[in-house]
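Below are the chains, spelled out letter by letter.
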Amino acid sequence: MQEWIVPGGYATMKSKLIQGVGMTARTRINILLADGCPGGSAAIAGWVRTVRSGKGITFLALNDGSSLECIQVVADTGLENFTVVSRLGTGSAVRVTGMLQESPASGQRLELHATEITVIGSADQDYPLQKKRHSFEFLREIAHLRPRTNTFGAVFRTRSALAQAVHRFFAEKGFMYVHTPIITANDCEGAGELFRVTTLPLDNLPLTNGKVDFNADFFGQATGLTVSGQLEGELFALAFSDIYTFGPTFRAENSNTPRHAAEFWMIEPEMAFADLMADAALAEDFLRYLCSFALEECSNDMAFFDAHIEKGIIGRIRAVADSSFAMMDYSEAISRLEKAPVTFQYPVSWGLDLQTEHERYLTEQVVGGPVFIVNYPKAIKAFYMRQNDDARTVAAMDLLVPKVGEIIGGSQREERLDLLQQRMLETGINPEGLWWYLDSRRWGSCPHAGFGLGFERLVMYITGMENIRDVLPFPRTPRHAGF
RNA sequence: UCCCCAGUAGCUCAGUCGGUAGAGCGGGUGGCUGUUAACCACCAUGUCCGUGGUUCGAGUCCGCGCUGGGGAGCCA
């Protein structure tokens, strides 16, 4: 008999069969299923997914979140508390010690014959998760319990793995991680409505000449939650060369769509001494890295997505990981769309922004893979994007991918002070509040570029989930801040 | 915010022409020596989203409201 109890913490999980001490000593089920051998003893703890009882024998499917797979626990009348165990409800938390054996039945390689089962937390018949398919809409109403389901287990394991892959990618490339502020006084970053942050009494606001006196507020000025870390990120790029941000972002827009949330996570790299082409190259490396990472590190969960969420997603992600991305000028994209043998719902003409239907046509029909669209008309892009020599376009890029359209948007930034000031005036941005941003163009300015990627949209793209509310642990959307 | 669709048992849904409420799953009880979303038998499910109206009679038709979903806009 093999004894697997060895000391070790969470960090060494992959290399130790059992972690923790005393009551916490147990093997994670994914490790046990992958590395366990018949004949060894093992201790596990987890939540019961199903109970199947026969006369004198009961099977428990136990899951601890470490993988999609459950381990089959076999309980028989040799157990002191067999009657209790055979009547366990779905959702109960139990700790099991026993002996690993080869399973005589098909469906699993190993099973754990219990010598002791401790009921740690019982679950009665009111437990909302049943042994059946539930709609995602229903599961959103029980967001506190849905991580215990197959789909959400797979989604949030993949989300965690991807978040770590983001950091790993940038660390490998020598990018510095910057924590840009969550609370900001920039009310004109140009990217949507911001949530107000205040300690003023809302039922008795201090007024001066009929207007709210923000001098009396906590920060002595009007503040809100960040809608982007880009502007501060640029300042750090102009000191550390290559940086990225990865943090929460807030938009108070009343958007009710499967792709928008009021609180989401955004990744924004910024590179000094870099132009638009370097920016696109980084974006390509980045997306391909993340796709490969998901396929390799989350293969079980990806297989689940392919089987149950979106057929063929593994092939699609593999194709992106292996492809070389195309690049097309905005002007060429427009002429391709104008010549397209299909009718679009929205008009196509130089100067108009591309709609999702246009983006998908370009990436799916014209290119047949990921494509950067570059050099957009300046009138439809943000003030900080660098003006091209033609005086009518800016060095902006959108990365379009099949099925979703735009997934990454970025640009080379306007590093020339006079042109930046001119664009601020043209677009109605008040330079006063951004004096520090302008200062960065005054001393040691240099060409620099960056992009933004909404993390949830990445997770949606890679998992095939179609609603952003189902890739956020506890989504915040209009009228929803529960849990 | 605009447009469209939906709301019936714990869940997923059916409910015909307006005539007084159903199925599957889940749950309970019992049975079954090895099950795989176990199986077999029996049992119990209900503010038909709310509100007002039409009608002899409304789950069903009409108005208003609430909630959810999808599409659009905004965008990541």
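Let me sum up the structure you'll find in this document. These numbers were taken from a predicted model, which means no experiment stands behind them.

1. Looking at the overall build of chain A
Then step 1. What chain A contains, in helices and strands, is 13 helices and 18 strands.
Then step 2. Dimensions of chain A, computed from the C-alpha atoms along their principal axes, are close to 85 × 60 × 45 Å.
Then step 3. Residues classed as buried in chain A amount to 50% of the 483 residues present.
Then step 4. Put simply, of all contacts in chain A between residues at least 6 apart along the chain, 65% involve residues at least 24 apart.
Then step 5. Working note: accessible area of chain A is about 23000 Å², and carbon and sulfur atoms make up 53% of it.
Then step 6. Within chain A, one finds 45 positive and 57 negative side-chain charges whose respective centroids are separated by 6 Å.

2. Concerning the nonpolar core
Grouped burial of nonpolar side chains is what soluble globular proteins tend to show.
Then step 1. Counting 65 residues, the largest nonpolar core has Phe170, Phe286, Leu287, Leu290, Met397, Phe455 and Ile462 as the members making the most contacts within it.
Then step 2. Here the element with the most residues in this core is helix H6 (residues 276-297); it accounts for twelve residues.
Then step 3. The next biggest cluster of nonpolar side chains, apart from the first, holds 27 residues, and it includes Leu337, Leu362, Val394 and Leu400.

3. What to know about the protein's contact with RNA strand B
Then step 1. Ala105, Thr257, Gln355, Arg457 and His480 are the nearest of the 48 residues found near RNA strand B.
Then step 2. A share of 50% is what sugar and phosphate atoms reach among the atoms of RNA strand B within 4 Å of the protein.
Then step 3. Between asparagine 254 and RNA strand B, the recorded distance is 3.0 Å, taken from a side-chain N or O atom to a phosphate oxygen.
Then step 4. In this structure, histidine 480 approaches RNA strand B through a side-chain N or O atom, which is 2.2 Å from a phosphate oxygen.
Then step 5. Listed by contribution, the elements that provide at least two residues to the surface near RNA strand B are strand S1 (41-54), strand S2 (57-63), strand S5 (110-121), helix H3 (136-141) and strand S13 (263-272).
Then step 6. It is S1 that provides the largest number of residues to the surface near RNA strand B, a total of four residues.
Then step 7. Across the surface near RNA strand B, the residue classes break down as twelve nonpolar, 21 polar and 15 charged.

Each value, and the rule that gives it
- Residues numbered from 1 in each chain as written.
- Chains lettered and ligands numbered in written order.
- Predicted model: local features only at pLDDT ≥ 70, side-chain atom pairs only at ≥ 80, totals over all residues.
- Heavy atoms only, no water.
- Helix = DSSP H or I, 4+ residues; strand = E, 2+ residues; numbered from the N terminus.
- Buried < 20%, exposed > 50% of the residue type's maximum accessible area, 1.4 Å probe, protein only.
- Contact = heavy atoms within 4.5 Å.
- Areas by Shrake-Rupley, 256 points an atom, 1.4 Å probe, with all protein chains shown as cover.
- Lys, Arg positive; Asp, Glu negative; His and termini not counted.
- Charge placed at Lys NZ, Arg CZ, Asp CG, Glu CD.
- Core = buried A, V, L, I, M, F, W, Y, C linked by side-chain atoms within 4.5 Å.
- Near = heavy atom within 4 Å.
- Polar contact = N/O pair within 3.5 Å; in protein donor to acceptor, adjacent residues only side chain to side chain.
- Nonpolar A, V, L, I, M, F, W, Y, C, P; charged D, E, K, R; others polar.

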